[in-house]
Amino acid sequence: MGCTVTVCRDCCCGSLAKHPRVDHDGQLQQLREALSGPHRVRTSECLDVCDQANVMVVHPTPAARRAGARPVWFGLVTDPAIVDDLTGWIHEGGPGVAPLPAVLELSVIAAPVG
């Protein structure tokens, strides 16, 4: 089993009102096409970090999680290039397996508290 990507798609994330120049459906399709196989993509209701829309959370593989890896939260994911960088990192192993590329460090956000 691979990594799981949770994509927020509720009040702000995925909203044309908030990001009218982003192809939100295309972004989700890009993720699903790039991460077929052992990885999976799921959508979620609000993840409570609306000021950082569009938000995605990359969950480690079960083996990496058992070894101590934790999910990594990404915000302001509004460009296809960021999605390409994310999927490339996931294909390399994702959290706890592959080092986070410097370009993705710019998109890392803190998980909400509580």
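Let us look at the structure shown here. Sequence positions are assigned chain by chain, starting from 1 and proceeding in written order. Reporting in this predicted model follows two pLDDT cut-offs: at least 70 for local features of residues, and 80 or more for side-chain atom pairs to be given and counted; totals over whole chains, interfaces and linings ignore these cut-offs and use all residues. The side-chain numbers reported here are obtained from all heavy atoms of the structure, hydrogens and water having been left aside.

Observations regarding the environment of L86
When you line up the elements, L86 lands in helix α3 (residues 80-91). Judged by its relative accessible area of 1%, L86 falls in the buried class. Along the chain, L86 and L31 lie 55 residues apart, while their C-alpha atoms are 9.0 Å from each other. In what follows, a contact means two residues having at least one pair of non-hydrogen atoms within 4.5 Å. Every residue in contact with L86, bar those within four places of it in the chain, is listed here: M56, V58, F74, V77 and L104. Under the DSSP-based scheme used, a helix requires at least four consecutive residues in state H or I and a strand at least two consecutive residues in state E, with every element numbered from the N terminus. For every residue, the accessible area obtained with a 1.4 Å probe (protein chains only) is divided by the maximum for its type, and the residue is called buried under 20%, exposed over 50%, and partly exposed between those limits.

A few points about the environment of T87
Here T87 shows up in helix α3. Accessibility expressed as a relative area gives 6% for T87, which makes it buried. Along the backbone, T87 and A34 are 53 residues apart, and their C-alpha atoms lie at a distance of 6.5 Å. In contact with T87, not counting residues within four places along its chain, are L31, A34 and L35. At 3.1 Å, the side chain of T87 and the backbone oxygen of D84 are in polar contact. A 3.5 Å cut-off defines polar contacts: any pair of N or O atoms within that distance qualifies, except that in protein one atom must be a possible hydrogen donor and the other a possible acceptor, and neighbouring residues in sequence count only when both atoms are side-chain atoms.

With respect to the pairing of strand β3 (residues 56-59)
The two faces of β3 match: M56 and V58 on one face and V57 and H59 on the other face are all buried. Should DSSP find at least two bridges between two strands, the strands are taken to pair. The pairing of strand β1 (residues 4-8) with β3 spans four bridges and is antiparallel. Of the residues in β3, the one forming a bridge with T6 is V57.

A look at unusual backbone geometry
Across residues other than glycine, the phi torsion is negative in most instances, and most of the peptide bonds are trans. Residue N54 follows A53 across a cis peptide bond; omega there is 0°. Within the secondary structure layout, N54 lies in the loop between β2 (40-44) and β3. Notably, D48 is not glycine yet its phi reads approximately 65°, a positive angle. By the secondary structure assignment, D48 is in the loop between β2 and β3. The phi angle at L76 is positive, at roughly 55°, despite the residue not being glycine. Examined against the element boundaries, L76 turns out to sit in the loop between β4 (72-74) and α3.

Considering the pairing of β1
Taking burial as the measure, the five residues of β1 include five buried ones, the bulk of the element. Where burial is concerned, the two faces of β1 agree: the one with T4, T6 and C8 and the one with V5 and V7 are both buried. Strand direction decides the pairing type here: β1 and β2, joined by five bridges, are parallel. When the sheet's bridge partners are listed, T4 is paired in β2 with R40. Note that the unit made of β1, helix α1 (residues 24-34) and β2 has a crossover that is right-handed. We call a crossover right-handed when, viewed with both strands directed away from the observer, the connection leading from the first strand over the helix to the second proceeds clockwise.

Description of the side chain of T6
Among the structural elements, T6 can be located in strand β1. A residue is classified by how much of its surface remains accessible, and T6, at 5% relative accessible area, is buried. A polar atom in the side chain of T6 sits 2.8 Å from the side chain of R42. Once residues lying within four places of it in the same chain are set aside, the contact partners of T6 are R42, S44, L47, V55, M56, V57 and H59.

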